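# Summary of the model geometry
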Amino acid sequence: MHPAYYQVELIATVVGGNKVGVSPRAYSTGYGAVFDSGTTFSYFPSSVFNEIKKAVVNQVHLSSVAGPDPRYEDLCYAGAGDESDLSKHFPDIVLEFKPLPGSPSAKLILHPMNYLFAHTRPGAYCLGIFDNGSTGTLLGKLLLAAVSSCIATALPLSYVILQVESSFGTNL
């Protein structure tokens, strides 16, 4: 664990009910899995990103469109309608974290608005998860909105706080 980061042990990703085929060790590549509220999007090691992207592509049946910035190869889809329609077209993504001793596994459910960003084209959305090479797993603030929504359910949020506390050796 790095003392300056909000680090967690991510062990699995499930896209639309299908677990992506990577080892739990893949998430700890580089600096490991880190929450970063100062970064908008989320970045995963190449092996994890490629599996997540493949799973999304296999489950989304909309027309793909070029991203809003031609300098990047964003994965974008048109025809999704507005935010209230996204769950009809895009799967939930579940992040599973290593449980604390004596605790059940902690899962953070990401609904489409927790991992997509709106395209400049009305009704189009893009995957807000990107390839981070071998640097590590960076969980950005778009995804962290799901954590704040967990206040109502308390399960993943309490786990995340406990993991952060144990990383720093202090109570937050």
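So, here's what we can say about the structure. (Residues numbered from 1 in each chain as written. Predicted model: local features only at pLDDT ≥ 70, side-chain atom pairs only at ≥ 80, totals over all residues. Heavy atoms only, no water.)

So, on to the overall build of the protein chain. In terms of regular secondary structure, the protein chain is built from four helices and 13 strands. Relative to its full complement of 172 residues, the protein chain shows a buried share of 46%. For the protein chain, the share of sequence-separated contacts (at least 6 apart) that also reach a separation of at least 24 residues comes to 69%. (Helix = DSSP H or I, 4+ residues; strand = E, 2+ residues; numbered from the N terminus. Buried < 20%, exposed > 50% of the residue type's maximum accessible area, 1.4 Å probe, protein only. Contact = heavy atoms within 4.5 Å.)

In this description, a pair of aromatic rings is defined by centroid distance and the angle of the planes. In the structure shown here, the tally under the stated rule is five aromatic pairs. Taken together, a centroid distance of 5.3 Å and an interplanar angle of 75° make the contact between Phe41 and Phe130 edge-to-face. Residue Phe41 is found in the loop between β4 (33–35) and β5 (42–44), and its partner Phe130 is found in strand β12 (residues 129–131); the two are separated by 89 residues along the sequence. Measuring from centroid to centroid gives 5.6 Å for Tyr43 and Phe130, while their planes differ by 35°, and the two rings are tilted. Here Tyr43, found in strand β5, pairs with Phe130, found in strand β12; they are 87 residues apart in sequence, far enough to count as distant. (Phe/Tyr/Trp six-rings, centres within 6.5 Å; stacked < 30°, edge-to-face > 60°.)

The next point concerns the state of the cysteines. Under the definition given, this model contains one disulfide. Covalently, Cys76 is tied to Cys126 through a disulfide, its sulfur atoms 2.0 Å apart. Judged by the torsion about the S-S bond (105°), the Cys76/Cys126 disulfide is right-handed. Of the two residues, Cys76 is situated in strand β7 (residues 76–78) and Cys126 in strand β11 (residues 125–127); the sequence distance between them amounts to 50 residues. (Disulfide = S-S within 2.5 Å.)

Here we take up the pattern of salt bridges. Here the structure, examined in full by the defined rule, presents four salt bridges. In this structure, Lys88 and Asp85 form a salt bridge, with 3.1 Å as the shortest nitrogen-oxygen distance. Among the residues examined, Asp85 registers a relative accessible area of 21% and is labelled partly exposed. (Salt bridge = Lys/Arg side-chain N within 4 Å of Asp/Glu carboxyl O.)

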